[in-house]
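Each chain, letter by letter, is given below.
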Amino acid sequence: LERHGFPSVAAKGFQAPGVVVSYTSDPDIQSSKKFLAQGLQLIHAHARPDVLTGNTLEALDRLQRAGLVSESQANELADDYAFLRRVEHLLQLFEDRQVHAVPESREERLALARRVLGADSTAEHFIEELTARLRRIHAAYTRALPGVEK
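This structure is a prediction, so every number in the text was calculated from the model and none was measured.

Side-chain pairing between opposite charges can occur once the charged atoms of the two side chains come close. Across all of its chains, the model carries ten salt bridges by this definition. With its nearest N and O atoms 2.8 Å apart, the salt bridge here joins R48 to D50. One salt-bridge network, held together by shared partners, links D79, D80, E129, R133 and R136.

Now the structure itself:
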C-alpha cells in the first residue's frame, strides 16, 4: 500500500505488501478496521460506559447514538468495514487460510475485483476503491483521535 500513499509503520525489512502489521491475532485490528471504533470506546468509556461493546458495527452505532461520531461518519465507517470484511473473506476463500494481503499478481487482483465489485470490474478499479476507503478511514482517525499521524 506504500505506493498508494500509505507508509508502513513496520521496521525496515518487515513491511507487509498490503496490510498493517501488528502484534495481535485479531484480524480486524491487523487490517485496521477496528482501531477507530475501539479507540473512541477507550477514550470515552469512563464517562460513557454504554459505548462499550466487542462488536465493531454495534460500537459505531453506540458511538453515533452517544453523539461521539456523526451519523454520516458512522454510516461511512460501517460501509467501509463491511467492504473490508468482504475483501478479507474472499481472500481467505482464495487461499484457504488466514490471509490479509492484497494479491500482488494482476490476475489474482482481477479475480478479487470481480468478486468484490462485480463481473465488469478491473483490478485497477478495485485498488482505487480500496485506496479511497482506506484514505477515508485514515482521515476519520486523524479527526477523531488526537496524535494520529497524518
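Structurally, Q73 is set in helix α4 (residues 71–95). Separated by 63 residues in sequence, Q73 and R136 place their C-alpha atoms 9.7 Å apart. Non-local contacts of Q73, meaning those with residues more than four positions away in its chain, are made with A140 and R143.

Now for the nonpolar core. Grouped together as the largest cluster of nonpolar side chains are 27 residues, with contacts concentrated most on F83, V87, L112, V116, F126 and L130. Counting only elements with at least two residues in this core, the list comes to α2 (35–44), α3 (56–65), α4, α5 (106–117) and α6 (123–144). The contact partners of L130, leaving out residues within four places of it in the chain, are F83, L84 and V102.

Moving on: α6. Relative to the 32 Å expected for 22 residues at 1.5 Å per residue, α6 spans 32 Å between its end C-alpha atoms, a close match to the ideal helical length. Of the positions making up α6, those classed as buried are A123, F126, I127, L130, T131, R133, L134, I137, A140 and Y141.

Conventions we followed
- Residues numbered from 1 in each chain as written.
- Predicted model: local features only at pLDDT ≥ 70, side-chain atom pairs only at ≥ 80, totals over all residues.
- Heavy atoms only, no water.
- Salt bridge = Lys/Arg side-chain N within 4 Å of Asp/Glu carboxyl O.
- Helix = DSSP H or I, 4+ residues; strand = E, 2+ residues; numbered from the N terminus.
- Contact = heavy atoms within 4.5 Å.
- Core = buried A, V, L, I, M, F, W, Y, C linked by side-chain atoms within 4.5 Å.
- Buried < 20%, exposed > 50% of the residue type's maximum accessible area, 1.4 Å probe, protein only.
- Expected span 1.5 Å × (residues − 1).

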